Structure formats: C-alpha cells, structure tokens
Amino acid sequence: MDEVVDRARSLLGRVLHGHGVAVRITEVEAYGGVLDPASHAFTRTPRSEIMYGPPWRLYVYRSYGIHHCANVVTGPTETASAVLVRAGEVVEGRELAHERRGDVAGVQLARGPGNLAQALGLTLTDLGTDLLSDSGVRLGPPPDAVPPISSGPRVGVSKAADVPWRFWVTGDPTVSAYRRSPRA
DNA sequence: TAGGCGATGACCT
DNA sequence: GGTCATCGCCTAC
C-alpha cells in the first residue's frame, strides 16, 4: 500500500498535457484499488475495469452528470490503484484553457478535479489513453527538483476519508483548502 | 429494468 | 454555510 502513496507523491510537479493545454500537477489523491473502500475499483465493474489494467493509463469518469474527473492508473496490473489529479497550474495553452473554463482567475483554471479535467478538455472519449505514448493526453517526465509536499485527509469521499492520502505542493496558490465531505 | 446516488462546483443567502 | 443541477453507472427488484 505504501507504493500507492509513493506513486501519488511522485506525480506532483509533473506536467500533464491534454489537447493543447499543459498543467503542472499540484494536488493529487491516492486510491488503493481493491484494498480501499473509497475507490471506484473496490468492486470490480465495467466502469472500473480500466484500473485493473496496466499502469499509466487515463481513467476518466463523470460525476454529478456535469463534471469530469481525471485519474492516472498507477498499477501494477490487477491492484487497481489509481491517483486522482485534483489540481494543477496551467503552464501551456493558457488561452485555450480560458476558452474552455471561461473568464476566471489564472490560478483557478485547473483548481479542483472537475475544473482541471475541463481545462484539459478531457472527456470520456479519453478513457484508457496511454499517458506515456505521444497521444492527445500524455504525462511529462518527473521534475528536476522534487517540490515540498504536504498531506491530509481525502476530500469528498464518504468512506475511509481519515487516511491522509491527499498530497499537494506546499503553499502552491493553485491548491485550495477544500472542506471535508459533509458525509464523511 | 427502474430507482438511487455520487472522488463536484457554482451560486445563493 | 447551504442548496441544487444532472446523468451514467451500480444495485436490487
């Protein structure tokens, strides 16, 4: 299970490219797959099947009928562990991101999982994309310097919200202080 | 096959 | 701080 956490932390500072917009990841949440009751993959269903596959694939799901959220499957195969990308800083394609997100402050372009997916133009059609190949959505190499990292409880989940599996770049303005789920 | 329910965000008070 | 939009997926008939 520690491996899940390590992979999540290692995503911070990396750049996620999506359809003309690139985002430096500043906030993530780890999900432990078959061992984690809060994970979509806790029960194996057609929707979560993608997470049981090889790592570095994209898992996108729709929430509340409106928002898309982007996850990176961190593998290994059959463990179904994944990392939810919660926030980032737009470092490329700023204009396009504004077009998609509307007239909002720069730091808010990709703040929150739904907003981040929208800024990158991610939809269900991107489900299963290989993030290491040179496709429309891909993940950049690890940063030269590892940023300072803080951790805390996960947001919005109704189960196992007390495990400190949310990680963010300390002091980064694109990370907001999210309130805990009222249902937790 | 029908009903219930979010790994959210925006807007209202 | 509280409410609500809105739809695909999961679970239970």
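Heads up: the structure comes first, above all this text.
Our subject in this report is the structure included herewith.

Rules of the game
- Residues numbered from 1 in each chain as written.
- Chains lettered and ligands numbered in written order.
- Predicted model: local features only at pLDDT ≥ 70, side-chain atom pairs only at ≥ 80, totals over all residues.
- Heavy atoms only, no water.
- Near = heavy atom within 4 Å.
- Polar contact = N/O pair within 3.5 Å; in protein donor to acceptor, adjacent residues only side chain to side chain.
- Helix = DSSP H or I, 4+ residues; strand = E, 2+ residues; numbered from the N terminus.
- Nonpolar A, V, L, I, M, F, W, Y, C, P; charged D, E, K, R; others polar.
- Axes fitted to C-alpha atoms, helices over the stretch in contact; angles between N-to-C directions.
- Parallel < 35°, antiparallel > 145°, perpendicular 65-115°, else oblique.
- Left-handed = near helix turned anticlockwise from the far one by under 90°.
- Contact = heavy atoms within 4.5 Å.
- Buried < 20%, exposed > 50% of the residue type's maximum accessible area, 1.4 Å probe, protein only.
- Pairing = 2+ DSSP bridges.
- Salt bridge = Lys/Arg side-chain N within 4 Å of Asp/Glu carboxyl O.

### Points about the protein's contact with DNA strand B
Move 1: DNA strand B sits among 17 residues. The nearest are Y61, H67, N71, G114 and G156.
Move 2: Each atom of DNA strand B within 4 Å of the protein was classed as base or backbone; sugar and phosphate made up 49%.
Move 3: A distance of 3.1 Å separates a phosphate oxygen of DNA strand B from a polar atom in the backbone of P113.
Move 4: Between a phosphate oxygen of DNA strand B and a main-chain N or O atom of G114, the distance comes to 2.8 Å.
Move 5: Breaking the surface near DNA strand B down by element, the ones donating at least two residues are β4 (67–73) and α3 (113–120).
Move 6: In terms of residue count, α3 provides more of the surface near DNA strand B than any other element does, three residues in total.
Move 7: Of the residues belonging to the surface near DNA strand B, the class tally is eight nonpolar, seven polar and two charged.

### Quick notes on the packing of helix α2 (residues 94–101) against α3
Move 1: In the contact formed by α2 and α3, the axes pass within 8 Å of each other and the chain directions differ by 120°. One element, α2, and the other, α3, form an angle in the oblique class. You can see that α2 and α3 cross each other, and the crossing is right-handed. Across from A97, R100 and R101 in α2, the residues of α3 making contact are N115, Q118, A119 and L120.
Move 2: Residue composition of the contact of α2 with α3, by class: three nonpolar, two polar and two charged.

### With respect to the protein's contact with DNA strand C
Move 1: Inspection of the region around DNA strand C gives T43, T45, R47, Y64, G65 and I66 as its neighbouring residues.
Move 2: Counting only atoms of DNA strand C within 4 Å of the protein, the fraction found in sugar and phosphate groups is 56%.
Move 3: Here R47 contributes a backbone N or O atom positioned 3.3 Å from a phosphate oxygen of DNA strand C.
Move 4: At 2.5 Å from a base oxygen of DNA strand C is found a main-chain nitrogen or oxygen belonging to Y64.

### Details of the pairing of strand β7 (residues 149–152)
Move 1: Residues of β7 alternate between two faces, with S150 and G152 buried on one and I149 and S151 left unburied on the opposite face.
Move 2: Here β7 runs beside strand β8 (residues 166–169); their pairing, made up of four bridges, is antiparallel. By the bridge assignment for β8, S150 is matched with W168.

### Points about the pattern of salt bridges
Move 1: Scanning all chains against the criterion turns up 10 salt bridges.
Move 2: Two residues, E27 and R166, come together in a salt bridge whose shortest N-O distance is 2.7 Å. With E27 in strand β2 (residues 21–31) and R166 in strand β8, this pair connects stretches of sequence that are 139 residues apart. By the burial criterion, E27 is buried, and R166 matches it.
Move 3: The residue R154 makes a salt bridge to D36 at a minimum N-O spacing of 2.7 Å. You can see R154 sitting in the loop between β7 and β8 and its partner D36 sitting in the loop between β2 and β3 (58–63), a full 118 residues away along the chain.
Move 4: Salt bridges sharing common partners tie together E27, E29, R86 and R166.

### Section: α3
Move 1: In terms of burial, α3 is largely enclosed, as six of its eight residues are buried.
Move 2: P113, G114, L116, A117, A119 and L120 are the residues of α3 that are buried.
Move 3: Looking at the buried positions of α3, the neighbouring elements they touch are β1 (15–18), β2, β4, β5 (82–92) and α2.

### Remarks on the environment of I50
Move 1: Locating I50 in the fold gives a position in the loop between β2 and β3.
Move 2: Along the sequence, I50 and T129 sit 79 residues apart, while their C-alpha atoms lie 10 Å from each other.
Move 3: Not counting chain neighbours up to four residues away, the residues in contact with I50 comprise R57, L58, Y59, V73, L127 and G128.

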